[in-house]
Amino acid sequence: MEQYNGSQIVVLEGLEAVRKRPGMYIGSTGSRGLHHLIWEILDNGIDEHLAGFCSQIDITLQKDGGITIRDYGRGVPVDLHPTKKIPTLRVVYTILHAGGKFGSSVYKVSGGLHGVGASVVNALSSKMLVEVRRNGQVYRDEYEQGGHPITKLENGLLPVVSKCNKSDTGTKVTFYPDASIFETVEFKPETIKKKLKEIAFLNKNLKICYKDEISGESIVYHEEYGIKSFVNYINREATVLHDDVVYVEGTSGDIEVEIAFQYTSNFSEQINAYCNRINVVDGGTLVTGFKMALTRVMNQYARELGILKEKDENFDGKDIRNGLVAIISIKHPDPQFEGQTKTKLGNTDAKSAVDEVFSTEVQRYFDKNVEDLKKILENSMKSYNARKAGDKARTAVLKQLNDVDTRSKLASCSSKKAEECELYIVEGDSAGGTVKTARNRKTQAVLPLRGKILNVEKATLEKILVNNEIKSMIASFGCGIGDEFDINKLKYDKIIILTDADVDGAHISTLLLTFFYRFMPELINEGKIYRGLPPLYRVEYERTDLKKKKKESEYIFNDFELEKFKKQSGRKILGVQRYKGLGEMDAEQLWETTLNPETRILAQVSISDTVEADEITTTLMSSNVPPRRAFIMEEAKYARLDI
């Protein structure tokens, strides 16, 4: 037995932990994680705006691959830190959990709560330059190779490099992402511009000046009407039921509330919630307060206007929200998010604040705009009647689910404990057969799909429910669909999409994710949906750093890892096998790489931006061809060709 004592415990000092496990701090080392670095630095300037000290932020994509973000706030303090005895600026950019957002004296409201943003960006950069303007002087600090300071201090403080006007204040950060950490260090202008537009919507009257030195493009983002313009932007291609966006705002206690909404002819609802301009994808208490108030107020109006008769039951929430597009934005002095990813707000006072402000202010609006109110209520009545008429037909279809024979397809697991069971959805009987052989029969079930499932973006619920592959999935999950959906009845803790690493496999995954997103979003929100990541390569190599030569093999999961592996010393590559599909692996290899919980890699499916998720799903999966073509042409330049 190997000795296990204190010598085996590794302590990572300073920013080493960030470089060792970057995914813990920015989500991934792919394009999404790369762009997250920008958002972290931008957040600091936006917090200055929220505090009332910054009306402009400049962001510049440089020709040499770097990016510069300059805010016109107060500037990061440069005085000697009382406990660390180094310049405060250096504390902020080199020490985790250091910042002005832990107390309420500096920032009344803030999106950054953990004090890790600036230092994490520094840790994951090959070079960073920070320039601060305060008190008529310009200070500069420079870092290399993951946050190592190279600027020499003068009497323990940063040197003054030049003078400026006392009114000229702020912080300018230039950084270069580390190519040895990220799969790509090429920023996507479209991703940045889309984010900047959203930031401008959520921060009324903040001016954001974007410049791309590579293309020469310059754009100024400035939204005078804030989230009201945001709703207009979301609905730019939709048929709206009333011309004006309804906008209300108010304060309850220390909580500031803004709500903007408009109804469209679409048979769906879209509620996007933000707390301190963080997109809380899973909603939480602020969304609950809005839904309660909206349902109560609209039913009250429906009775007063005689749209609902005495014998009629009230509209339910879904009747009233059918076709709704809404933005809820609150500023909270002490937000309590559920989970590190900040996807759900838990403050109970947010619920009552939204309810109070919305109930009061929306009635003032509708009392002056009765025609808009009537159009919305008529839409609710249509939804109410359609729901009543469709209940019988839907019930009949759902009843059939109890009679669906999944035995010929589903290879069940023996355990009945949902918390330890997982279901693999695989493409085709061939791959399904291999997975069935390789799996752990106690906890792992397998459902092979024959061909591609229906594109649900183009179909009604009734048509979807008669599709055999979808019926098999619903019956296998056990939690129903639509109004009957109950996640507590889900038979599996994980639903894992496992497809080949080719175009067809990617298409099947997209069709499945579209179905889950549109008709079972709770599965995604509760973290139940995963993608299995089988390896792309098996590399055979010989160890050249040992006295006795030894042949070994290793599985590689993407091209980026393969290139890194080839560059490592002490190894002679003997051969590289490229797996085109799951069927090329035997049961033992499949277990080792893809099914074994100890060694496999799973990617949990989550939604970080509901507006973007809805836009991309509609663009890629609807019948409207021109936007899809434009999206593909734009993204194609960042794709890697797989021949």
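Check the entry above for the structure.
Residues numbered from 1 in each chain as written. Predicted model: local features only at pLDDT ≥ 70, side-chain atom pairs only at ≥ 80, totals over all residues. Heavy atoms only, no water.

*Asks:* How should I be thinking about the overall build of the protein chain in this particular structure?
*Replies:* A count of helical and extended segments in the protein chain gives 20 helices and 22 strands. The buried share of the protein chain, taken over its 643 residues, is 49%. Surface summary for the protein chain: the accessible area is close to 31,700 Å², and the carbon and sulfur share equals 48%. (Helix = DSSP H or I, 4+ residues; strand = E, 2+ residues; numbered from the N terminus. Buried < 20%, exposed > 50% of the residue type's maximum accessible area, 1.4 Å probe, protein only. Areas by Shrake-Rupley, 256 points an atom, 1.4 Å probe, with all protein chains shown as cover.)

*Asks:* Mind showing me how you'd approach helix α12 (residues 429-438) here?
*Replies:* Turn by turn, an α-helix covers 3.6 residues, leaving residues three or four places apart pointing in a common direction. Among the residues making up α12, those that are buried are A431, G432, T434, V435 and A438. The buried side chains of α12 occupy one side of the element, clustering within an arc of 165° when seen end-on. When the buried face of α12 is taken as reference, the exposed residues oriented beyond 90 degrees from it are S430 and T437. Those residues of α12 that are buried are in contact with β15 (422-427), β16 (444-449), β17 (494-498) and α18 (587-595). (Arc of directions from axis to C-beta. Contact = heavy atoms within 4.5 Å.)

*Asks:* Hey, could you run me through the sheet that holds β17 in this one?
*Replies:* Read across the sheet, five strands follow the order β16-β15-β17-β18-β22 without closing on themselves; strand pairing throughout is mixed. The open sheet has two edge strands, β16 and β22 (602-604), and neither has a second partner. Averaged over all neighbouring strand pairs, the angle between strand axes comes to 25°, with direction disregarded. Against the sheet, α12 makes contact with β15, β16 and β17, and its axis sits at roughly 170° relative to β16, the strand it touches most. (Pairing = 2+ DSSP bridges. Axes fitted to C-alpha atoms, helices over the stretch in contact; angles between N-to-C directions.)

*Asks:* I tried to follow the pattern of salt bridges on my own but got confused; where do I start?
*Replies:* In a structure, side chains of opposite charge can pair up when their charged atoms sit close to one another. Under the defined criterion, the tally for this structure stands at 26 salt bridges. Residue E190 is joined to K193 by a salt bridge in which the shortest nitrogen-to-oxygen separation is 2.8 Å. Of this pair, E190 and K193 both sit in helix α6 (residues 189-202), three residues apart, roughly one helical turn. A residue is classified by how much of its surface remains accessible, and E190, at 33% relative accessible area, is partly exposed. The class of K193 is buried, set by a relative accessible area of 11%. Here E469 and K409 are joined by a salt bridge, their closest N and O atoms 2.8 Å apart. Note that E469 is positioned in helix α14 (residues 468-477) and K409 in the loop between α11 (370-401) and β15, a separation of 60 residues in sequence. Taken individually, E469 and K409 each receive the classification buried, so the pair is uniform in this respect. Here the salt bridges do not stand alone but share partners, grouping R70, E131, R133, R140, D168 and K172 into one network. (Salt bridge = Lys/Arg side-chain N within 4 Å of Asp/Glu carboxyl O.)

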